[in-house]
Amino acid sequence: MAAPAACHCCCFVSAWSPPQNTSPIACARVESENDVTGEDVFPPLWHLAPENLLDFPVKDNKIVISAWNYQDRLGVYKSLLSASAKYFDAFGPQNSGNILWGLPVQHGWQFRTGRLADPSGVTSCGYENGELLCQSVRSWWSCMNYYLSIIPFLGAVEAGLFGQLPYEIEILPPEEQKDDFCYSVKDCWSCMPKLMDDWKAFFEYLLSTEHKAVSSASLSSFKLDDALGLMWKAHTSSIAYALPRFQDSLKYLSDPEANFGEDWANAVDFIAATHFSTDLQTTNDFQVFLPQRMLVEGDVLPSIIDFSPEQNKVLVSLRALHKVNKLTGGLLLKLWQKAMSTEAGRKKGRELIESLTSSQKLKLLDLVGI
């Protein structure tokens, strides 16, 4: 693979209007004992995404996936969730306890808030009045997400999560920045073996528990905390690999949006250390505190008027966390990870994260005092 090239993004100046009538159909809801709100918890257009790998087009004996089409990326996630569902039966009805939900739900938020559209406004990619389902390679968010969608998927293929496939997998490249990505198991293993190995290890862990169980209710060898640990290790590896690769593209975003992107990437390391659950409901509950649109020049924390007080507080907390971690040369993260090395510590860490919306600012002393 050639040396990394920047995923060029320009300042997002066009007003992005959310798609009309694109919410999942009414029946696509989780209605369980723990979710009776009736709210749509699935990503936009989830019901239209391919159900499994054989629902994708097949050409020349290859399953063809367009990674720069929102619906196809959802299909990749849907296939992963379907193939891994049996390992999470004990944690919620209708696969709602599957910890892979965090990835597509987050991606749905990116789509809904306009973060996958062409930030330069030069093309109609990602816009309602243009190619709504198009994901722009000029979008920092879309480029970063590639490493949290296609790479996990290829790791799962290599691990054998989908069994023996009748066809090879072909991932279509973008029109630009082709050298920033890999497109097959072999290709990705050659240029990012550690990252691929991390994702493969997570899916191999799931598979390793299957033959030890007599029924889905007796997955005694399956430990959710172990699964979360492996999943978060792979997740943070994806971000660590992709972040420097697309660093240059941040300068084309508004300063507030670029800061938020970096703040969020930094925060993931802290969240990961707690083994935070990324099941369907928990992810949705947490995600309501993320900004419902891209940040623009003039957005000043903590007083963005069209954001809720909780959203403002979370953004302030993320900014403070990133600044202090940077000032300490990463020492804050190391101390936090040490504190999260026990199950009791991780429980307290999760409680602190959940309290961010009710705190005026992040209690940094609490981070090292756990």
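Whatever comes next refers back to the structure up there.
Okay, so let's go over this structure.

## Things to note about the overall build of the protein
Then comes step 1: A tally of regular secondary structure across the protein gives 13 helices and three strands.
Then comes step 2: With 370 residues in all, the protein has 53% of them scored as buried.
Then comes step 3: For the protein, restricting intrachain contacts to residue pairs at least 6 apart in sequence, the fraction spanning at least 24 positions comes to 72%.
Then comes step 4: Per element, the accessible surface of the protein, about 16,600 Å² overall, is 53% carbon and sulfur.

## Some points on the sheet that holds strand S3 (residues 168-172)
Then comes step 1: The strand order across the open sheet built from three strands is S1-S2-S3, with neighbouring strands paired in mixed fashion. Sheet topology places strand S1 (58-59) and S3 at the edges, where each strand pairs with a single neighbour.
Then comes step 2: Sheet topology note: the strand S2 (residues 62-66)/S3 ladder contains five bridges and is parallel. By the bridge assignment, lysine 62 is partnered in S3 with glutamate 168.

## With respect to the packing of aromatic side chains
Then comes step 1: Under the definition given, this model contains 25 aromatic pairs.
Then comes step 2: Arranged with centres 5.9 Å apart and planes meeting at 65°, the rings of tyrosine 146 and tyrosine 147 form a pair that is edge-to-face.
Then comes step 3: Residue classification places tyrosine 146 among the buried residues on the basis of a relative accessible area of 0%.
Then comes step 4: For tyrosine 147, a relative accessible area of 0% puts it in the buried group.
Then comes step 5: Ring pairing ties together the aromatic residues Trp68, Tyr146, Tyr147, Phe181, Tyr241 and Phe246, which thus form one cluster.
Then comes step 6: When the ring centre of tryptophan 68 is taken as origin, the NZ or CZ atom of arginine 73, which lies over that ring, is 4.7 Å away.

## A closer look at the pairing of S2
Then comes step 1: Here two bridges tie S1 to S2, and the two strands are oriented antiparallel to one another. Bridge pairing links lysine 59 to lysine 62 in S2.
Then comes step 2: Linking two consecutive strands that pair antiparallel, namely S1 and S2, is a turn of two residues; a positive phi of about 55° is found at aspartate 60 within it.

## Describing the pattern of salt bridges
Then comes step 1: Evaluated as defined, the whole model comprises 12 salt bridges.
Then comes step 2: With a closest N to O distance of 3.3 Å, glutamate 51 and lysine 78 form a salt bridge. Of this pair, glutamate 51 sits in the segment before S1 while lysine 78 sits in helix H1 (residues 70-84), and the two are 27 residues apart along the sequence.
Then comes step 3: Owing to a relative accessible area of 45%, glutamate 51 belongs among the partly exposed residues under this scheme.
Then comes step 4: Given a relative accessible area of 8%, lysine 78 falls into the buried group.
Then comes step 5: Note that arginine 245 is salt-bridged to aspartate 180, the shortest N-O span being 3.8 Å.

## Some remarks on the state of the cysteines
Then comes step 1: One pass over the full model with this rule turns up two disulfides.
Then comes step 2: Through a disulfide, cysteine 125 is tied to cysteine 134; the S-S separation comes to 1.9 Å. Classification of the bridge connecting cysteine 125 and cysteine 134 rests on its S-S torsion, roughly -90°, and on that basis the disulfide is left-handed.
Then comes step 3: Cysteine 125 sits in the buried class, given a relative accessible area of 6%.
Then comes step 4: In this model cysteine 182 forms its disulfide with cysteine 188; the gap between the sulfur atoms is 1.9 Å. Taking the torsion about the S-S bond as the criterion, the cysteine 182 to cysteine 188 disulfide, at about 100°, is right-handed.
Then comes step 5: With relative accessibility at 0%, the residue cysteine 188 sits in the buried group.

Parameters and conventions
- Residues numbered from 1 in each chain as written.
- Predicted model: local features only at pLDDT ≥ 70, side-chain atom pairs only at ≥ 80, totals over all residues.
- Heavy atoms only, no water.
- Helix = DSSP H or I, 4+ residues; strand = E, 2+ residues; numbered from the N terminus.
- Buried < 20%, exposed > 50% of the residue type's maximum accessible area, 1.4 Å probe, protein only.
- Contact = heavy atoms within 4.5 Å.
- Areas by Shrake-Rupley, 256 points an atom, 1.4 Å probe, with all protein chains shown as cover.
- Pairing = 2+ DSSP bridges.
- Phe/Tyr/Trp six-rings, centres within 6.5 Å; stacked < 30°, edge-to-face > 60°.
- Lys NZ or Arg CZ within 6 Å of the ring centre and 35° of its normal.
- Salt bridge = Lys/Arg side-chain N within 4 Å of Asp/Glu carboxyl O.
- Disulfide = S-S within 2.5 Å.

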